[in-house]
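Tertiary structure, described
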Amino acid sequence: MPKTVQRYVRGNIVRSNLRSLSSSACEIQRVWRGYLEFCKFTCDRWAAVRIQTVLRVALAKNYLDQLYLEQDIQFIRRKSSALAIQRRFRLYIWERLQRSAASTIQSSVRRFLARCRSKRQRYGLVRLQSFARAHHVRRKRDKATRILANKIAKANKNAIKNPGMRLNNRCSAALSVLQTSHRLAQVASAIKTLETATKLSEVCCQSFTDAGAARIILNLISTCNRSLPHVEILHSTMQALTNVAKYEYLLPSLATQLAVETFLNLVQMFRDKESIFTLTTALLERVVFYQKSLLTICKAKDNVKRLHGIVALCERRTGLDHNASALNGRRVTRLSLVNDSSKGLRSLKRIIAAASIV
């Protein structure tokens, strides 16, 4: 009997443990299945959300593309419209400018043609008046004037027929003689020709400078003395150099140390020859004031002494000539010589003043 009870109790305990284990296993299985289902649900929900996101992004992009396309189409239309308006406006402006330019050109051409016609008419009237006046003057001129006019016309014809008589050809021939000849008569004639050519033509002065004639003439001056042929040559020479010195761009050929020394010697040697003295002092003044470094030559002690002595002698001689002309009643004939000497003296005094400042 007790064994049966124990067996029964033990069977109940085992069955109770089995039921407890079975319920625990079922609970565990239920929880695990629930967890698996929850994980599956979470994954499905995340996938659905992801799909919805991608789909919405695609739809939004598609919508934006449509908007951009519509905006681009509108922009293209507006741009094409603006370009068409600009093209039409520019065409309108261009046509307007063309019409204005054509009108301006036509008016300018008409004015030009009118001026040409007026100029031709005025020229014709002036020519007609000049012919009438010339005819009237020729009818009233005296015999000496007619003879002189005939000589001038004959000289012009000879110059046209003979090219050697033209001024530039004569100047070139004189320069060639000056460079090659050693005969005094030929040199004197060439210098006289150069004096006339340089007086009348600037081109001849340029040819004179390009040929180096200034250096040749300066060397020739240093060999001259106070004889009458040499005085005439010196006068023509100084006149030619003065004609060249009128043009400032040609002065560098004369602004040399040799020129200053030659002019100083010439002033001292011919202080009693008014024409040569005046030309030389004026030329010396122009040369030394053109290039101030040449004043140092005049500043030398010997040259300053020479200049002061020349000034003193010329002032004394000018006073004596003035008194003698007043006493002898030849005031008119001597006044020009006195004035020439006064010009030379003023030039020398300016040179001495400038040399003392340097």
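What comes next is a walk through the structure. Predicted model only: the values in this text are computed from it and were never measured.

Remarks on the overall build of the protein chain
Looking only at helices and strands, one finds 12 helices and 0 strands in the protein chain. For the protein chain, the proportion of its 358 residues judged to be buried stands at 24%. Of the contacts made within the protein chain by residues no fewer than 6 positions apart, 72% connect residues no fewer than 24 positions apart. Within the structure as shown, the protein chain displays about 25500 Å² of accessible surface, and the carbon and sulfur contribution to it stands at 60%.

Focus on the pattern of salt bridges
Inspection of every chain in the model, using the stated rule, returns 1 salt bridge. We note a salt bridge from Arg30 to Glu27, for which the minimum N-O separation is 1.9 Å. With a gap of 3 residues between them, Arg30 and Glu27 both fall in helix α1 (residues 2-140), about one helical turn apart. Judged by relative accessible area, Glu27 falls into the partly exposed class, the value being 38%.

Overview of the side chain of Thr193
Note on placement: Thr193 falls in helix α4 (residues 184-200). A residue is classified by how much of its surface remains accessible, and Thr193, at 16% relative accessible area, is buried. Discounting residues that sit within four places of it in the chain, Thr193 has contacts with Arg170 and Ala174.

Remarks on the layout of surface pockets
Estimated volume of the largest pocket: approximately 220 Å³. Residue lining of the largest pocket: 13 residues in total, with Leu178, Ser181, His182, Val187 and Leu220 positioned closest to the centre. The element best represented in the lining of the largest pocket is helix α3 (residues 167-180), accounting for 3 residues. Tallied by class, the residues present in the lining of the largest pocket amount to 6 nonpolar, 6 polar and 1 charged.

A word on α4
The first and last C-alpha atoms of α4 sit 25 Å apart over 17 residues, in line with the 24 Å expected at 1.5 Å per residue. All of the buried residues in α4 are Val187, Ala188, Ala190, Ile191, Thr193, Leu194, Glu195, Ala197 and Thr198. Its buried side turned inward, α4 meets α3, α5 (202-210), α6 (213-221) and α7 (228-245).

So, α7
For an α-helix, the turn length of 3.6 residues means that residues three or four places apart are oriented alike. In a regular helix each residue adds 1.5 Å, so 18 residues correspond to 26 Å; α7 covers 25 Å between its end C-alpha atoms and thus fits that length. Taken together, the buried positions of α7 are occupied by His230, Val231, Ile233, Leu234, Ser236, Thr237, Met238, Ala240, Leu241, Asn243, Val244 and Ala245. In this structure, the buried side of α7 is in contact with α4, α5, α6, α8 (257-269) and α9 (274-290).

Let's talk about the side chain of Thr237
Along the chain, Thr237 falls in helix α7. Within the structure, Thr237 has its side chain in polar contact with the backbone oxygen of Ile233 (distance 2.6 Å). For Thr237, the residues in contact, after removing those within four places along its chain, are Ile191, Ile217 and Ile221.

What to know about the packing of α4 against α5
Their axes nearest at 5 Å, the elements α4 and α5 cross at an angle of 125°. Of the possible angle classes, the one that applies to α4 and α5 is oblique. Note on packing geometry: the crossing formed by α4 with α5 is left-handed. Note on element contacts: α5 touches α4 through Glu202, Cys204, Cys205 and Phe208, opposite Leu194, Ala197, Thr198 and Leu200. Its residues assigned to classes, the contact of α4 with α5 comprises 6 nonpolar, 1 polar and 1 charged.

Considerations on the nonpolar core
Counting residues in hydrophobic clusters, the biggest one holds 48 residues, and the most contacted among them are Phe208, Leu241, Val260 and Phe263. Of all the secondary-structure elements, those providing two or more residues to this core are α3, α4, α5, α6, α7, α8, α9 and α10 (295-299). Residues contacting Leu241, with those up to four places away along its chain left out, are Phe208, Ile217, Ile221, Leu254, Phe263 and Leu283.

Some thoughts on the state of the cysteines
By definition, a disulfide links the sulfur atoms of two cysteine residues through a covalent bond. Scanning the entire structure with this criterion turns up 0 disulfides. Among the cysteines around Cys171, which has no disulfide bond, Cys204 carries the closest sulfur, lying 4.0 Å off. Unpaired in this structure, Cys205 has its nearest cysteine sulfur neighbour in Cys204, at a distance of 7.1 Å. A relative accessible area of 0% places Cys205 in the buried class.

Overview of the packing of aromatic side chains
All told, the structure shown has 2 aromatic pairs when counted by the stated rule. On the basis of an interplanar angle of 55° and a centroid distance of 6.4 Å, the ring pair of Tyr247 and Tyr249 is categorised as tilted. What makes Tyr249 partly exposed here is its relative accessible area of 45%.

Rules used in this analysis
Residues numbered from 1 in each chain as written. Predicted model: local features only at pLDDT ≥ 70, side-chain atom pairs only at ≥ 80, totals over all residues. Heavy atoms only, no water. Helix = DSSP H or I, 4+ residues; strand = E, 2+ residues; numbered from the N terminus. Buried < 20%, exposed > 50% of the residue type's maximum accessible area, 1.4 Å probe, protein only. Contact = heavy atoms within 4.5 Å. Areas by Shrake-Rupley, 256 points an atom, 1.4 Å probe, with all protein chains shown as cover. Salt bridge = Lys/Arg side-chain N within 4 Å of Asp/Glu carboxyl O. 1 Å grid on protein atoms, 1.4 Å probe; cavity = no way out; pocket = protein on both sides within 12 Å on 5 of 7 lines; lining within 4 Å. Points joined across faces, edges and corners; volume = space filled by probe spheres on them. Nonpolar A, V, L, I, M, F, W, Y, C, P; charged D, E, K, R; others polar. Expected span 1.5 Å × (residues − 1). Polar contact = N/O pair within 3.5 Å; in protein donor to acceptor, adjacent residues only side chain to side chain. Axes fitted to C-alpha atoms, helices over the stretch in contact; angles between N-to-C directions. Parallel < 35°, antiparallel > 145°, perpendicular 65-115°, else oblique. Left-handed = near helix turned anticlockwise from the far one by under 90°. Core = buried A, V, L, I, M, F, W, Y, C linked by side-chain atoms within 4.5 Å. Disulfide = S-S within 2.5 Å. Phe/Tyr/Trp six-rings, centres within 6.5 Å; stacked < 30°, edge-to-face > 60°.

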